[in-house]
Amino acid sequence: MMNYKMTGCKYIDEYIKLVQKQDVPYSKWIYKLIELVCEIFENEQLTWNDKEIEKYLSYQKYFDYNLFEWEKFLFVLHNCIRDEDNLLRFPEIFIYVGRGSGKNGFLSFEDFCLLTPTNPVKNYALDICANSEDQAMTSFLDIKNILDNDKERFKRFFKWNKTEIRCLKNNNVLKYRTSNAKTKDGLRTGKLSLDEVHAYENYDMIDVMKTGLGKVKDSRVTYISTNGFVRDGVLDDLLKKSYNILNKE
């Protein structure tokens, strides 16, 4: 068992300790991930805001589930850790897990958080994309259902309909989009979420959607996927890139 030097960030260290104690499921790739993260924290000047992290995680109270420890670990890495230039240190995240592991629950929680005024960037557009409308709507509907189930509380903070959810205070907006790449030009996306990446045969829609990134501060990408039947497509590329990163190649 390897002993890692802690990062000093509560929710990252809590997961590392659980893996060290073998109290949660783990694999060699999780070990490699933790080793890489710990090296980055040790060798770079990274910062985070504990109050911001706690505020984000307090939004779990609106969901009928709490995040797993690995989800808190990834959420904080992806959304709250900044480099010496105050840029997001881990702006792209790839979650590759089995069905029923909670990846859409993670995505729903993350997007809800970034809609709120806790996100320091105003006019922040969040786009969820998938090859099918039903899949693209999954996390969108998770959030919409929370708002629908307590309209009196949330109507003071959000305006929503069947196609978009908008925060009234900061004008952040969440939409879902499907696979017609031709309709995506000119976007100013802050966060791009690509759901069930295994279904993408090529990069047509991804390339168009990613052209909207970088126009807004704190641009992010979240890829989530189970395995699938499309080979030599986007998923296999992401897996190869990820393995190379974890192997420090």
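Residues numbered from 1 in each chain as written. Predicted model: local features only at pLDDT ≥ 70, side-chain atom pairs only at ≥ 80, totals over all residues. Heavy atoms only, no water.

Our focus in this paragraph is the overall build of the protein chain. Broken down by element type, the protein chain carries nine helices and seven strands. For 249 residues, the compact-globule formula gives about 18 Å, and the C-alpha radius of gyration of the protein chain, at 18 Å, lands near that figure. On the principal axes, the C-alpha backbone points of the protein chain span a range of 50 × 45 × 35 Å. Across the 249 residues that make up the protein chain, the buried fraction comes to 50%. A sequence separation of at least 24 residues applies to 71% of the contacts in the protein chain between residues at least 6 apart. When the accessible surface of the protein chain is split by element, carbon and sulfur atoms take 48% of a total near 12,800 Å². Positive and negative charge centroids in the protein chain, built from 38 and 38 side chains respectively, lie 6 Å apart. (Helix = DSSP H or I, 4+ residues; strand = E, 2+ residues; numbered from the N terminus. Rg over C-alpha atoms; globule rule 2.2 N^0.38 Å. Buried < 20%, exposed > 50% of the residue type's maximum accessible area, 1.4 Å probe, protein only. Contact = heavy atoms within 4.5 Å. Areas by Shrake-Rupley, 256 points an atom, 1.4 Å probe, with all protein chains shown as cover. Lys, Arg positive; Asp, Glu negative; His and termini not counted. Charge placed at Lys NZ, Arg CZ, Asp CG, Glu CD.)

Moving on, we get to helix α9 (residues 234–246). For α9, built from 13 residues, the straight-helix expectation of 18 Å at 1.5 Å per residue is met to within 8% by its first-to-last C-alpha distance of 18 Å. The complete set of buried residues in α9 reads Val234, Leu235, Leu238, Leu239, Ser242 and Leu246. Down the axis, α9 shows its buried residues gathered within 130° of arc, on one side only. Its buried side turned inward, α9 meets α2 (28–43), β1 (92–96), α8 (204–210) and β7 (220–225). A positive phi of about 60° marks Lys248, the residue just after α9. (Expected span 1.5 Å × (residues − 1). Arc of directions from axis to C-beta.)

As a further point, take the layout of surface pockets. In this structure, the largest pocket encloses a volume near 1,300 Å³. Leu33, Phe94, Ile95, Ser242 and Leu246 are the residues nearest the centre of the largest pocket, which is lined by 40 residues in total. Mapped onto the lining of the largest pocket, the elements with two or more residues apiece are α2, α4 (69–80), β1, α8 and α9. Per element, the largest residue contribution to the lining of the largest pocket is nine residues, and it comes from α9. Looking at side-chain class alone, the lining of the largest pocket contains 31 nonpolar, three polar and six charged residues. Of the voids in this model, the second largest pocket is the one considered here, and its volume is about 280 Å³. What lines the second largest pocket is a set of 15 residues, among which Tyr59, Tyr62, Pro117, Phe157 and Phe158 lie closest to the centre. Per-class residue counts for the lining of the second largest pocket are nine nonpolar, two polar and four charged. (1 Å grid on protein atoms, 1.4 Å probe; cavity = no way out; pocket = protein on both sides within 12 Å on 5 of 7 lines; lining within 4 Å. Points joined across faces, edges and corners; volume = space filled by probe spheres on them. Nonpolar A, V, L, I, M, F, W, Y, C, P; charged D, E, K, R; others polar.)

As a further point, take the side chain of Gln60. Its location among the elements puts Gln60 in the loop between α3 (50–58) and α4. Apart from the residues lying within four places of it in its own chain, the contact partners of Gln60 are Tyr65, Asn66, Leu67, Lys72 and Phe109.

Most of strand β5 (residues 173–177) sits out of view: four of its five residues are buried. When strand β2 (residues 125–129) meets β5, the two strands line up parallel, connected through five bridges. Residue pairing for β5: Ile128 is matched across the bridge by Tyr176. As defined by bridge partners, strand β4 (residues 164–167) adjoins β5 across three bridges and the pair is classed as antiparallel. Paired with Glu164 across the bridge in β5 is Lys175. (Pairing = 2+ DSSP bridges.)

On to the environment of Leu141, then. The residue Leu141 is located in helix α6 (residues 133–148) in this model. For Leu141, a relative accessible area of 32% translates into the label partly exposed. As a C-alpha pair, Leu141 and Thr163 span 22 residues in sequence and 9.5 Å in three-dimensional space.

Turning next to unusual backbone geometry. You will see that Asp218, though not glycine, has its phi angle at about 60°, which is positive. Among the secondary structure elements, Asp218 is positioned in the loop between α8 and β7. Given the relative accessible area of 7%, Asp218 is considered buried. Although it is not a glycine, Lys248 sits at a positive phi angle of roughly 60°. With respect to the helices and strands, Lys248 occurs in the segment after α9. Lys248 sits in the partly exposed class, given a relative accessible area of 43%.

This part is about the pairing of β1. Residues Ile93 and Ile95 of β1 are buried on one face, while the alternating residues Glu92, Phe94 and Tyr96, pointing to the opposite face, are not. Here β1 pairs with β7 via five bridges, running parallel. Pairing of Ile95 across the sheet is with Ile224, part of β7.

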